[in-house]
Amino acid sequence: MVSSGFRAMLLKLGVPEDRLAVLEGKGGITEDEFEGIRYVRFRDSARNFRRGTVVFETGDVVLGFPHIKRIVQLRNGINRVFKSRPFYVEEKVDGYNVRAVKVKDRILALTRGGFVCPFTTERILDFINEEFFKDYPNLVLAGEMAGPESPYLVEGPPYVKEDIEFFLFDIQEKGTGRSLPVDERLTLAEEYGIPHVETFGIYDRSKIDELYELIERLSRERREGIVMKTPDMKRVAKYVTPYANINDIKIGSHIFFDLPHGYFMGRIKRLAFYLAEKHVKGEEFDEYAKALGKALLRPFVESIHEVANGGEVEEVFTVRVKNISTAHKMVTHFERLGVKIHIEDIEDLKNGYWRVTFKRVYPNATREIRELWNGLAF
Ligand code: ATP
């Protein structure tokens, strides 16, 4: 349910009344509050409000971050999406999506799902120059937060050695969600010193061999992949390295039962298409096959041992916060996401930050393994 004030605002913004009623009925929109700022979060789409859209009490609208088309066969995918158009190639950084936005006099960090994230909001000005929002209050900075100390992911890219960092990859207008052209984004990032994902230059389909080489290099360097974008941002597509497909499977198989089967199938499929497109054979093929098998099985078998020995399937992660209260807010935030975490340890880093260790237990995976181990027959 949303309050009458928000209702009136959403109708004025063009959300059709019948769609609003449907969304309210099934919990597709939810009213929430962050440190005194009220907002509505769209869990489903409505008219031009994409999933993840946030409407603040101030009338500021931040559209959900759009889905990016995935290419699985690089050569044919590029032909199909871009035809003969040139496109920028950027690194796809492996982290979590954040939209930074100015509301009232605060800079808030929104998650993909449209929550104000207490952790990211507390840390965002460590990475972004606030001057940007003084000059452009109407723009939204979209980027990836990535590093080994992340609340949402167990691993970060290899070049973030500690803590977490922000990497800009899109600047959008409030209200419309329209992206700035790539060159304008790059100029603003440079002008305000905002860290940006690495850019590899402009390519087109005639440079496919260079792109294959780039993918191979990124894969060797344990990086996730690339995102290709026409200069006007009208066409965007992503492609993931074989390394990332196997590594995701390795991370996922630890919590095998907590993930949908599609998580694994999608990644196996992409790896198979890579091997087919590159005609990988012989020893190299065998290496991939072994790496995939190990990634799928080893952490899974380890989890079975853990539970068989009376333990639980769990993950431990650390983050750095400025206030301990932020760590407690994260526990509540995860509860709203339906996830149970608890604080294991708090360490004073004596530099204005606290390092907080959290533990997340996976009750479903634990229960399922326990039952099967105990001989459940079906
Ligand atoms: P979707 O299917 O909606 O794109 P997903 O979560 O399944 O979402 P991902 O494989 O995570 O898809 O890829 C999309 C995400 O990649 C973006 O939402 C963004 O957070 C992240 N990303 C990392 N680097 C970039 C980049 N350079 N440009 C755009 N997105 C990037």
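Quick caveat: nothing in here was measured; it's all calculated off a predicted structure.

Novice: Looking at this structure, how should I read the environment of Leu168?
Specialist: Following the sequence through the fold, Leu168 ends up in strand E10 (residues 165-173). Leaving out residues up to four positions away in the same chain, Leu168 has contacts with Leu141, Ala142, Gly143, Arg185, Ala189, Ile194, Pro195, His196 and Val197.

Novice: Whenever I open this one, the confidence of the model for the protein confuses me. Can you help?
Specialist: Detailed reading of predicted coordinates is not advised where the pLDDT is low. Confidence in the prediction for the protein averages 96 pLDDT; 100% of positions are at 70 or higher. Predicted complex, confidence summary: ipTM 0.97, pTM 0.96.

Novice: Is there a simple way to think about a positive patch on the surface in this case?
Specialist: Taken together, Lys69, Arg80, Lys83, Arg85, Arg205 and Arg235 make up a surface patch of like positive charges. Within the secondary structure, Arg80 sits in helix H3 (residues 74-82).

Novice: What exactly am I supposed to notice about the layout of surface pockets here?
Specialist: If a probe the size of a water molecule is rolled over the atoms, the empty space left behind becomes visible. Roughly 1800 Å³ of internal volume is contained in the largest pocket. The volume enclosed by the second largest pocket comes to roughly 560 Å³. Lining the second largest pocket we find 19 residues, and of these Arg222, Tyr243, Ile246, Asn247 and Ala291 sit closest to its centre. At the level of elements, helix H7 (208-220), helix H8 (242-253) and helix H10 (282-308) are the ones that each hand at least two residues to the lining of the second largest pocket. Grouping the constituent residues of the lining of the second largest pocket by class yields 8 nonpolar, 2 polar and 9 charged.

Novice: Explain the site of the ligand here, please?
Specialist: In the region of the ligand, 16 residues are neighbours, and His67, Arg112, Glu144, Lys229 and Lys238 sit closest. In this structure, Glu90 approaches the ligand through a side-chain N or O atom, which is 3.0 Å from a nitrogen atom. A molecule is said to occupy a pocket when more than half its atoms come within 2 Å of that pocket's grid points, and by this definition the ligand occupies the largest pocket. Of all the secondary-structure elements, those providing two or more residues to the shell around the ligand are strand E6 (87-92) and strand E12 (225-229). Considering every element that reaches the shell around the ligand, the biggest residue donor is E6, with 3 residues. Its residues assigned to classes, the shell around the ligand comprises 6 nonpolar, 2 polar and 8 charged.

Novice: Just checking my understanding: could you explain the environment of Gly177 for this structure?
Specialist: You can see Gly177 is positioned in the loop between E10 and helix H6 (182-192). The spatial distance from the C-alpha of Gly177 to the C-alpha of Met228 is 19 Å, given a sequence separation of 51 residues. Setting aside chain neighbours within four positions, we find Gly177 in contact with Arg50, Leu63 and Gln172.

Novice: I would appreciate a short explanation of the packing of helix H1 (residues 4-12) against helix H2 (residues 17-25) in the present structure.
Specialist: The description of two packed helices rests on the angle between their axes and on the distance between the axes. Running from N to C, H1 and H2 cross one another at 135°; their axes reach a closest spacing of 10 Å. In terms of axis orientation, H1 runs oblique to H2. Crossing of H1 against H2: the hand is right-handed. Counting all contacts with H1, which are made through Arg7, Leu10 and Leu11, the residues of H2 involved are Glu17, Leu20 and Glu24. Looking at side-chain class alone, the contact of H1 with H2 contains 3 nonpolar, no polar and 3 charged residues.

Novice: It is not clear to me how empty space enclosed by the protein should be interpreted in this structure. Could you clarify?
Specialist: This model, assessed by the stated rule, comprises 1 cavity of 30 Å³ or more. If you go around the largest cavity, the residues you meet are Arg70, Ile71, Val72, Tyr239, Val240, Thr241, Pro242, Asn245, Arg270 and Tyr274. For the lining of the largest cavity, the elements supplying multiple residues, two or more each, are strand E13 (236-240), H8 and helix H9 (261-277). Considered class by class, the residues forming the lining of the largest cavity number 6 nonpolar, 2 polar and 2 charged.

Reading the values: the criteria
Residue indices follow the written sequence of each chain, beginning from 1 at its first position. Thresholds applied to this predicted model are a pLDDT of at least 70 for local features of residues and 80 or more for the giving and counting of side-chain atom pairs; totals over whole chains, interfaces and linings are not thresholded and use all residues. Hydrogens and waters are ignored; side-chain quantities use all the structure's heavy atoms. Runs of H or I in DSSP of at least four residues are treated as helices and runs of E of at least two as strands, each being numbered from the N terminus. Note on contacts: a residue pair qualifies if any of its non-hydrogen atoms lie within 4.5 Å across the two residues. Predictor confidence is given residue by residue as pLDDT, running from a minimum of 0 to a maximum of 100. The residues that make up patches have over 30% relative accessible area and no salt bridge, and they are joined within 9 Å when like-charged or within 5 Å when they are Val, Leu, Ile, Met, Phe, Trp or Tyr. Using the Shrake-Rupley algorithm and a 1.4 Å probe, accessible areas are obtained, with residue cover drawn only from the displayed protein chains. By definition, a salt bridge exists where a carboxyl oxygen of Asp or Glu is found within 4 Å of a side-chain nitrogen of Lys or Arg. Note on charges: Lys and Arg go in the positive column, Asp and Glu in the negative column, and His and the chain ends are not counted at all. One atom stands in for each charge, and that atom is NZ of Lys, CZ of Arg, CG of Asp or CD of Glu. Points on a 1 Å grid, built from protein atoms alone, make a cavity when a 1.4 Å probe fits but cannot get out and make a pocket when they are open with protein on both sides within 12 Å along at least 5 of 7 lines; residues with an atom within 4 Å of a point are the lining residues. Grid points are joined across faces, edges and corners, and a volume is the space filled by probe spheres set on the points. Ten residue types, Ala, Val, Leu, Ile, Met, Phe, Trp, Tyr, Cys and Pro, are classed as nonpolar, four, Asp, Glu, Lys and Arg, as charged, and the remainder, Gly among them, as polar. Note on definitions. A residue lies near a molecule or strand when any single heavy atom of the residue is within 4 Å of it. N or O atoms closer than or at 3.5 Å make up a polar contact, with two conditions inside protein: a donor-capable atom paired with an acceptor-capable one, and, for residues adjacent in sequence, both atoms drawn from side chains. Throughout, a molecule is located in a cavity or pocket provided that more than half of its atoms lie within 2 Å of its grid points. Simply put, an axis is a line fit to the C-alpha atoms, just over the touching stretch for a helix, and the angle between two N-to-C directions goes from 0 to 180 degrees. Small angles under 35 degrees read as roughly parallel and large ones over 145 as roughly antiparallel, with 65 to 115 read as roughly perpendicular and the rest as oblique. Handedness of each helix crossing follows the sense of rotation of the near helix against the far helix: counterclockwise by less than a right angle gives left-handed, clockwise gives right-handed.

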